[in-house]
Amino acid sequence: MVEKKLKKIPQRKCISCGLKKDKNNLLRIVRNDCGISLDLSGKMNGRGAYICKDSKCINDAIKKNKLSNILKTDIPNSLLEEIKLYVLDG
Ligand SMILES: [Zn+2]
């Protein structure tokens, strides 16, 4: 018998809806020495927050300031726009 091993995708929790999802299905926003950025590679150093690639989750998180609460800093409007655009496109 050959045992098929599926590659395990790490699970992360969305800061907005609280559901655990595959890392692939979440956006990562990172705070580090350079500031706050959208981490599309998933490999940036720093404190990260994950959020569903879902306009509802993202709008909710923005409305309730969840990103700034979790990352303990203000989120620049430019980054919020970037996040929104990413969701609209994707
Ligand atoms: Zn979510």
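Computed from a predicted model, the values in this text were never measured in an experiment. (Residues numbered from 1 in each chain as written. Predicted model: local features only at pLDDT ≥ 70, side-chain atom pairs only at ≥ 80, totals over all residues. Heavy atoms only, no water.)

**Q** So, the overall build of the protein chain: which residues are in play, and what are the values?
**A** Looking only at helices and strands, the protein chain has 3 helices and 5 strands in total. Starting at the N terminus and ending at the C terminus, the protein chain contains elements arranged as β-β-β-β-β-α-α-α. Based on the C-alpha atoms only, the size of the protein chain along its principal axes is roughly 55 × 30 × 25 Å. A total of 90 residues make up the protein chain; the buried ones form 29% of that total. Pairs at least 24 residues apart make up 47% of the contacts formed inside the protein chain by residues separated by at least 6 positions. Within the structure as shown, the protein chain displays about 6,700 Å² of accessible surface, and the carbon and sulfur contribution to it stands at 49%. When the 20 basic and 10 acidic side-chain charges of the protein chain are each reduced to a single mean position, those positions are 8 Å apart. (Helix = DSSP H or I, 4+ residues; strand = E, 2+ residues; numbered from the N terminus. Buried < 20%, exposed > 50% of the residue type's maximum accessible area, 1.4 Å probe, protein only. Contact = heavy atoms within 4.5 Å. Areas by Shrake-Rupley, 256 points an atom, 1.4 Å probe, with all protein chains shown as cover. Lys, Arg positive; Asp, Glu negative; His and termini not counted. Charge placed at Lys NZ, Arg CZ, Asp CG, Glu CD.)

**Q** Can you lay out the sheet that holds strand β5 (residues 47–52) for me, pointing to particular residues and giving the numbers?
**A** One open sheet holds the 3 strands; their spatial order is β4-β3-β5, and the pairing between them is antiparallel. Both outer strands of the open sheet, β4 (35–38) and β5, are each paired with one neighbouring strand and no more. This sheet shows a mean twist of 20 degrees between the axes of neighbouring strands, independent of strand direction. Of the pairings in the sheet, the one linking strand β3 (residues 26–32) to β4 comprises 4 bridges and is antiparallel in character. Note that in β4 the partner of Arg-31 across the bridge is Ile-36. Most of the contacts of helix α1 (residues 55–63) go to β5, to which it runs at about 130 degrees, and overall it touches β3 and β5. (Pairing = 2+ DSSP bridges. Axes fitted to C-alpha atoms, helices over the stretch in contact; angles between N-to-C directions.)

**Q** Which residues make up the environment of Leu-79, and what are the values?
**A** With respect to the helices, strands and loops of the structure, Leu-79 is situated in helix α3 (residues 77–89). Residues Leu-79 and Lys-8, 71 residues apart in the sequence, show an inter-C-alpha distance of 30 Å. Residues within four places of Leu-79 in sequence aside, it is in contact with Ile-29, Ile-36, Ser-37 and Leu-38.

**Q** Run through the coordination of the zinc ion, naming residues and quoting values.
**A** Listed as protein donors to the zinc ion are Cys-14 (SG), Cys-17 (SG), Cys-52 (SG) and Cys-57 (SG); their distances from the metal cover 2.2 to 2.3 Å. Relative to the metal, the 4 donor atoms surrounding the zinc ion lie at angles of 101 to 119 degrees, and the coordination shape comes out tetrahedral. Written as a sequence motif, the donor arrangement for the zinc ion is C-x2-C-x34-C-x4-C. With Cys-14 in the loop between β1 (11–13) and β2 (20–22) and Cys-52 in strand β5, the pair connects residues that are 38 residues apart, well separated along the chain. Overall, Cys-14 belongs to the buried group, its relative accessible area being 2%. (Donors = N, O, S within 2.8 Å, 3.2 Å for Na, K, Ca; no water. Tetrahedral: all angles 85-135°; square planar, octahedral: opposite > 155°, others 65-115°.)

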